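Residues per chain are reported as follows:
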Amino acid sequence: MTDTPTSGWDASPGKAKPGGAAAPRLLLRRLRETLAAPGEVPERLDQIVKLIATSMVAEVCSIYLLRGRDMLELWATEGLKAEAVHNARLRIGEGLVGVIARDGGTVNTSNAREHPEFRYLPETGEEIYRSFLGVPIQRLGKLIGVLVVQNERPIVYNEEDEEALRVVAMVIAEIADAKSLLPPDGDDDEDRGPFHAVGTGAADGVAIGQVHLHEPRLLLPNPIADDVTQERIRLREAMDLLRSDIDEMLDSSSMPATGDHRDVMETYRLFAHDRGWLRRLEAGVATGLKAEAAVDAARTETRTKIDRARDPYLRERLNDMDDLAQRLLRRLMAPTAADEPMPPNAILIARTIGPGELMDYPRGALAGIVLEEGSPSSHATIVARALDIPLVVQAGRCAREANQGDIAIVNGDQGHVHFRPRHDVVAAYEEKLTLRVQEKQAFAALRDEPAKTTDGEHITLLINAGLSADLPNLPESGAEGVGLLRTELHFMLNRQMPTREEQTRFYSYILGKAGDKPVTFRTLDVGSDKVLPFLKQMPEENPALGWRAIRLGLDRPAILKMQAQSLLRAAHGRPLRVMFPMVSNLHEFKRARGIVLQEAERLNTKRHTPPSHLQIGTMLETPSLIFEDDEFYKLTDFISIGGNDLMQFFFAADRMNELTAGRYDITSISFLRMLRVIVRRCTENETELSFCGEAAGKPIDALALAATGITSLSMRPAAIGHVKRAIRAANLSEIRAIIDSAEKNQKPIRQTLIEYCTETGIPI
Ligand code: PEP
Ligand code: MG
């Protein structure tokens, strides 16, 4: 038990303590009246702190605003020393105010000085105030400042106080964002010059266009409701519209019966009918907020959680909620305020984006994408790559720097983003684009030509694919088939484990689209950076070396069995090629192969049409397989070298770590010597061999691989043209001789090959 008194509300001249939502509502009404009067920024802030202090019966109320990137400055106070205004400053993370700013949470204590994070600022005279309640002032996850009340007596602020302060902080944030309150800051200068950011290129290509903000800046000049009942009705109506929007999308004839897009929208439908969400929004309205402001407040909370969430599954779900809130806001706001028309060649700028939202944009409308967050392996990235849209992720403050309609350049090859670029920068990129168009035309002309070297060696070129959207690239690219179909991408885009029927439909679609061209399906390769939203992964010290790919498949055979059944059924009289990822020894291969063969036998008993021909092979990604018994090489129908993983295990260099990923060279002699051993063992045992790592899509690397004896290369579709052009101009015997002499003379092979190609006119 404590005898610490609780706080009080000055609800009326009689100081009664209103309950529920009434208290914040009352404060909001007074705030509205105060703000309705004309006034400059400092006066307005002064009025607000006075009002809060009186209403909450607090001796101190202060507003700290964020100045620059990480400094919080006292801008207005009732109760602290007046001279502290603009002089009292704290860095983010420093003192209780800094902690609130850093964590985006509330601090509520009846003994501030005992709090481990307390930091005394002598200029404020605050040492006498023991009770402290502070909340962040933020909008859409963006910190604007901190709002604090303090009392000398050690009182306990209750939930109602916290709620009231949060609502007021939100109102301050909304008004501040409308710029009527925000003090001038260089950052907000409208007439901004060029801006350049370096992020991570996640989907190749270059685009020049005009900024289209995924999330148009929604301004809510007055977040306080005039009529709470009316706001409740508006909220309900907007929610009904949102739900019927989603239903309509799901029912529309353009929505496929199965696939990534439908799965995402089905999940949205579930969320849109979630009662808890509606209750939270209605609670916001009940406190006296306009419907938009209530949605915005709930969304700010979601974004704070997103920033804190480490678990990728949770982050994905929270991002879905965030996406849905944006849709609801669009329904609530007047269309003109919310929806900017799409400029031609739109460069989409977003803090983050879900795969569903990306697929909502009409095909062909987006020339490029820039995300402040995102990652090269995120779902949206996978979709962008499949749609062949250049993408840069992790691009700093891009969503804040861009204005709707600004000229923008996205360089997805190198991760560069330019807004409002200088004339010469635009000219340089225009030049680059012209060259690309010419190249594309040249590649299209080569489409039906064979990839044959000048000395008559045929190299089989195949594509790596993963989504249904990849398949139209097969005929366009001029490739001879799909060398690697990463089935995990289909799983990653689903909210739950795809059923056997869904998988069967998807594989059947792929086979149908590929026609008579072969497709090699790789069984589920998850773990490490590939996370399935519905499969809980243990945290691992070294995930790349951990419980992933076939290890997981063998330990959870039900998943592998279901996938095998789906693949076998999908083949339905057509040839089928299945391969396993990350196999490390003969024993693992035998077990995985046994599962597929067993399912093939079962298929007969269930009267399904079996594949016309079944081949079972494996990826070679671990060096141990190179030294396996001949029995392994004889048993496996084919081997595909996964150069990305093999590189990381050979050189012991993490492919996900920027500092190590590009450190070693696939054309270094040690690696080529290893490849020669693989080629020899496959030749001796008559095992079909191909290579499907990223290097296959780079002309110099592809030539080195072909010269080493790997005559089947699988790569991203956009690389086929480049590689085919180089192969057709190259004499492989000469390249072999060049590599041999570089080896003898201990010269770097890549450099030697580049010089040779440049001299002999091989386009690389
Ligand atoms: C590889 O490791 O080279 C490979 C093709 O597999 P992934 O990149 O999907 O791991
Ligand atoms: Mg791999």
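Residues numbered from 1 in each chain as written. Chains lettered and ligands numbered in written order. Predicted model: local features only at pLDDT ≥ 70, side-chain atom pairs only at ≥ 80, totals over all residues. Heavy atoms only, no water.

1. Digging into the overall build of the protein chain
Filter applied, for reference: Counting from the N terminus, the helices are DSSP H or I runs at least four residues long and the strands are E runs at least two residues long. The cut-offs for exposure are 20% and 50% of the maximum accessible area for each residue type, with area from a 1.4 Å probe on protein chains only; residues under the lower value are buried, those over the upper are exposed, and the others partly exposed. Whether two residues are in contact is decided by their heavy atoms, any of which lying within 4.5 Å being enough. Method for areas: the Shrake-Rupley scheme with a 1.4 Å probe, in which residue coverage is limited to the protein chains shown.
Looking only at helices and strands, the protein chain has 28 helices and 22 strands in total. Scored against the burial criterion, the 764 residues of the protein chain give a buried share of 55%. Considering only contacts within the protein chain whose residues lie at least 6 apart along the sequence, 67% involve residues at least 24 apart. Per element, the accessible surface of the protein chain, about 33,000 Å² overall, is 51% carbon and sulfur.

2. Quick word on the coordination of the magnesium ion (ligand 2)
Octahedral six-donor coordination of a metal ideally yields angles of 90 or 180 degrees, compared with 109.5 degrees for tetrahedral four-donor coordination. Here is the rule: The rule for donors is simple: N, O or S, within 2.8 Å of the metal, or within 3.2 Å if the metal is Na, K or Ca. Water isn't counted, so a site may look like it is missing partners.
All of the protein donors around the magnesium ion (ligand 2) are Glu621 (OE) and Asp645 (OD); their distances to the metal are 2.0 to 2.1 Å. Pair noted here: Glu621 is in the loop between strand E19 (614–620) and helix H21 (630–635) and Asp645 is in helix H22 (residues 643–650), with a separation of 24 residues, a long-range link. Relative accessible area serves as the criterion here: at 2%, Glu621 is assigned to the buried category. Under the relative-accessibility criterion, Asp645 is labelled buried at 3%.

3. Looking at the packing of helix H25 (residues 699–708) against helix H27 (residues 732–744)
Here is the rule we go by: As a rule, the C-alpha atoms of each element are fitted with a line to give its axis, helices using only the stretch in contact, and angles between N-to-C directions run from 0 to 180 degrees. By definition in this entry, angles of less than 35 degrees are roughly parallel, angles greater than 145 are roughly antiparallel, angles of 65 to 115 are roughly perpendicular, and the rest are oblique. Polarity classes work like this: nonpolar for Ala, Val, Leu, Ile, Met, Phe, Trp, Tyr, Cys and Pro, charged for Asp, Glu, Lys and Arg, and polar for all others, with Gly in that last group.
Remark: H25 packs on H27, axes separated minimally by 9 Å, with the N-to-C direction vectors making an angle of 95 degrees. Accordingly, the angle class assigned to the pair H25 and H27 is roughly perpendicular. Contacts between H25 and H27 involve Leu703, Ala704, Ala706 and Ala707 from the former and Leu732, Ile735, Arg736 and Ile739 from the latter. Taken together, the residues that form the contact of H25 with H27 break down as seven nonpolar, no polar and one charged.

4. Notes on the pattern of salt bridges
Convention followed: Salt bridges are counted wherever a side-chain nitrogen of Lys or Arg sits within 4 Å of a carboxyl oxygen of Asp or Glu.
In this structure the tally under the stated criterion is 34 salt bridges. For Arg234, the salt bridge is made with Glu231, and the minimal N-O distance between the two is 2.8 Å. Taken together, the residues Arg234 and Glu231, both in helix H5 (residues 228–251) and three residues apart, mark about one turn of the helix. We classify Glu231 as buried; its relative accessible area is 6%. Residues Arg577 and Glu688 are paired through a salt bridge, measuring 2.8 Å at the closest nitrogen-oxygen approach. Taken together, the positions of Arg577 in strand E18 (residues 576–580) and Glu688 in strand E21 (residues 688–691) put the pair 111 residues apart, joining distant regions of the chain.

5. Here we look at the sheet that holds strand E13 (residues 407–411)
Applicable threshold: Only when DSSP finds a minimum of two bridges between them are two strands counted as paired.
Strand order across the open sheet formed by eight strands is E7-E14-E13-E9-E10-E11-E12-E8, with mixed pairing between neighbours. Only two strands of the sheet have a single neighbouring strand rather than two, namely strand E7 (195–198) and strand E8 (200–203). Across this sheet, the average inter-strand angle for adjacent strands is 30 degrees, counted without regard to direction. When E8 meets strand E12 (residues 391–393), the two strands line up antiparallel, connected through three bridges. Bridge pairing in E12 links Ala203 to Leu391.

6. Here we look at the sheet that holds strand E2 (residues 71–78)
Here we have six strands laid out as an open sheet, ordered E3-E2-E1-E6-E5-E4, and antiparallel in their pairing. The open sheet has two edge strands, strand E3 (89–91) and strand E4 (107–109), and neither has a second partner. Each strand of the sheet is rotated relative to its neighbour by a mean of 25 degrees, with strand direction disregarded. In the sheet, E4 pairs with strand E5 (residues 131–139) via three bridges, with the strands oriented antiparallel.

7. Remarks on the environment of Asp424
Inclusion rule: Counting of polar contacts relies on pairs of N or O atoms within 3.5 Å, with two restrictions inside protein: one atom must be capable of donating a hydrogen and the other of accepting it, and residues adjacent in sequence are counted only when both atoms are side-chain atoms.
With respect to the secondary-structure elements, Asp424 resides in helix H14 (residues 423–446). A distance of 2.6 Å separates polar atoms of two side chains, one belonging to Asp424 and the other to Arg422.

8. Digging into the site of ligand 1
Applicable threshold: Here, proximity means that at least one heavy atom of the residue falls within 4 Å of the molecule or strand.
Taken together, the neighbourhood of ligand 1 is formed by 14 residues, with Arg486, Arg522, Lys530, Asn644 and Arg655 sitting nearest. Separating an oxygen atom of ligand 1 from a side-chain N or O atom of Arg486 is a distance of 2.8 Å. One of the side-chain N or O atoms of Glu621 is found 3.0 Å from an oxygen atom in ligand 1. Within the complex, 99% of the 280 Å² of free accessible area of ligand 1 lies under protein. For the shell around ligand 1, the secondary-structure elements that each account for two or more residues are strand E16 (482–486) and H22. Among the elements that make up the shell around ligand 1, the one with the highest residue count is H22 (three residues).

9. Describing helix H24 (residues 669–684)
To keep it simple, the criterion reads: Here a helix's expected span is defined as the number of its residues, less one, multiplied by 1.5 Å.
Counted at 1.5 Å a residue, the expected span for H24 with its 16 residues is 22 Å, and the 22 Å between its end C-alpha atoms agrees. Within the span of H24, buried status applies to Phe671, Leu672, Met674, Leu675, Ile678, Val679, Arg681 and Cys682. Looking one or two residues past H24, Glu686 carries a phi angle of roughly 55 degrees, positive in sign.

10. Overview of the pairing of strand E9 (residues 206–213)
Burial analysis of E9 places seven of its eight residues in the buried class, the great majority of the element. Here E9 runs beside strand E10 (residues 346–350); their pairing, made up of four bridges, is parallel. Residue pairing in the sheet places His212 in a bridge with Leu348 of E10.

11. What to know about the pairing of E2
Among the eight residues in E2, seven count as buried, and that is most of the element. As paired elements, strand E1 (residues 60–67) and E2 share seven bridges and run antiparallel to each other. In the strand pairing of E2, Ser62 is matched with Thr77. Two successive antiparallel strands, E1 and E2, enclose a turn made up of three residues, where Gly68 displays a positive phi of approximately 65 degrees. Of the strand pairs in this sheet, E2 and E3 are connected by three bridges, and their pairing is antiparallel. Each residue of the ladder has a partner; that of Leu72, found in E3, is Leu90.

12. Points about unusual backbone geometry
Positive phi values are uncommon outside glycine, yet Ala549 reaches one of about 50 degrees. Along the chain, Ala549 turns up in helix H18 (residues 549–555). In this structure Ala549 comes out as buried when scored by relative accessible area, which is 2%. Residue Glu686 is not a glycine yet carries a positive backbone phi of 55 degrees.

13. What to know about the confidence of the model for the protein chain
Defined as follows: Known as pLDDT, the predictor's confidence for each residue is given on a scale from 0 to 100.
The share of residues in the protein chain with pLDDT of 70 or more is 90%, and the mean pLDDT across the chain is 86. Counted against residues more than four places away or in other chains, residues 11–20, with its pLDDT under 50, gives 18 contacts. Below a pLDDT of 50 lies the segment residues 184–191, which in the model reaches 10 contacts outside its immediate sequence neighbourhood of four places, other chains included.

14. Some points on H27
Worth spelling out the cut-off: An arc is given here, and it is the one of the directions from the helix axis to the C-beta atoms.
Helix length check: H27 (13 residues) gives 18 Å between terminal C-alpha atoms against 18 Å at 1.5 Å per residue, within 8%. Listed as buried for H27 are Leu732, Ile735, Ile738, Ile739 and Ala742. With its buried residues spanning 115 degrees around the axis, H27 presents them on a single face. Tucked into the core, H27 has its buried residues touching H24, H25 and helix H28 (749–760).

15. Here's the deal with the environment of Asp645
Residues Asp645 and Glu621 lie 24 residues apart in sequence; the distance between their C-alpha atoms is 5.4 Å. Ignoring sequence-local partners within four residues, the contact set of Asp645 consists of Arg548, Glu621 and Arg655. In this structure the side chain of Asp645 is engaged in a polar contact, spanning 2.8 Å, whose partner is the side chain of Gln648.

16. Side note on the packing of aromatic side chains
Selection rule: The pairing test for Phe, Tyr and Trp rings, Trp by its six-membered ring, is centres within 6.5 Å, and the orientation test on the planes gives stacked under 30 degrees, edge-to-face over 60, and tilted for anything in between.
All told, the structure shown has 10 aromatic pairs when counted by the stated rule. Between Phe195 and Phe419 the ring centres are 5.7 Å apart and the planes differ by 15 degrees, which places this aromatic pair in the stacked class. With Phe195 in strand E7 and Phe419 in strand E14 (residues 416–419), the pair connects residues that are 224 residues apart, well separated along the chain. Judged on exposure class, the residue Phe195 and its partner Phe419 are both buried.

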